[in-house]
Amino acid sequence: MSDAALDALFDAARAIRERAYAPYSRYKVGAAIRATDGRIFSGCNVENAAYPVGTCAEAAAIAAMIAAGANRIAVIAVIGSTDDVCTPCGGCRQRIREFAAPDALVAMADARCETRIVRTLDALLPLSFGPDHLPAPQDRGTPHG
Ligand code: THU
């Protein structure tokens, strides 16, 4: 991915981060996906007074992608709101895995987008389990055989 394309993805993540609803953690996150069809989808974290019910920015961006009819992630950029680079939580790594190849890129940045880390999904979630590990639908009827 070119530097300009990566800049555009971080710009989208940074813009939607401002819409985050994070009154409990005060940690706003923005995520932006470049789908394999070239479109960009973004999302922010949305917390809840019942804390576990909150959703991550990556999950919101994935939902936007699916709702728009795309389903493959080429690159996902994530930006937090502290000086530390925001790295996706374990659950979101698995959520990304559902829609991304092992060589898809995960680009992560600190609040000011000064420090950036770019890794493959496989580096963040090695030996991952994904849809391709399941038997074909026609073979799912009989457990263990
Ligand atoms: N959060 C995200 O949205 N994405 C991440 O990659 C890390 C954490 C959110 C969840 C919660 O709303 C807040 O950041 C603090 O954990």
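Residues numbered from 1 in each chain as written. Predicted model: local features only at pLDDT ≥ 70, side-chain atom pairs only at ≥ 80, totals over all residues. Heavy atoms only, no water.

Quick notes on the nonpolar core
Stage number 1. Counting residues in each nonpolar core, the largest one holds 24 residues, and the members touching the most others are Ile 33, Met 65, Ile 73, Ile 76 and Ile 96.
Stage number 2. Contributions of two or more residues to this core are made by strand E1 (30-35), helix H2 (57-67), strand E3 (73-79), strand E4 (100-109) and helix H4 (121-124).
Stage number 3. With sequence-adjacent residues up to four places away left out, Ile 73 is seen in contact with Ile 33, Arg 34, Thr 36, Ile 62, Met 65, Ile 96, Phe 99, Ala 100 and Ala 104.
Stage number 4. Judged by nonpolar contacts, the second largest core, of eleven residues, contains Leu 6, Leu 9, Ala 13 and Val 75. (Core = buried A, V, L, I, M, F, W, Y, C linked by side-chain atoms within 4.5 Å. Buried < 20%, exposed > 50% of the residue type's maximum accessible area, 1.4 Å probe, protein only. Helix = DSSP H or I, 4+ residues; strand = E, 2+ residues; numbered from the N terminus. Contact = heavy atoms within 4.5 Å.)

Things to note about the layout of surface pockets
Stage number 1. By volume, the largest pocket amounts to about 210 Å³.
Stage number 2. As for the largest pocket, its lining consists of 16 residues, and the residues nearest its centre are Tyr 27, Val 29, Asn 45, Cys 56 and Ala 57.
Stage number 3. Taken together, the residues of the lining of the largest pocket sort by class into nine nonpolar, five polar and two charged. (1 Å grid on protein atoms, 1.4 Å probe; cavity = no way out; pocket = protein on both sides within 12 Å on 5 of 7 lines; lining within 4 Å. Points joined across faces, edges and corners; volume = space filled by probe spheres on them. Nonpolar A, V, L, I, M, F, W, Y, C, P; charged D, E, K, R; others polar.)

What about unusual backbone geometry?
Stage number 1. Not every positive phi belongs to a glycine, and Cys 113 is a case in point at roughly 65°.
Stage number 2. For Cys 113, the location among the structural elements is in the loop between E4 and strand E5 (116-120).
Stage number 3. Of note, Leu 127 is a non-glycine position whose phi angle comes to about 50°, a positive value.
Stage number 4. Structurally, Leu 127 can be placed in the segment after H4.

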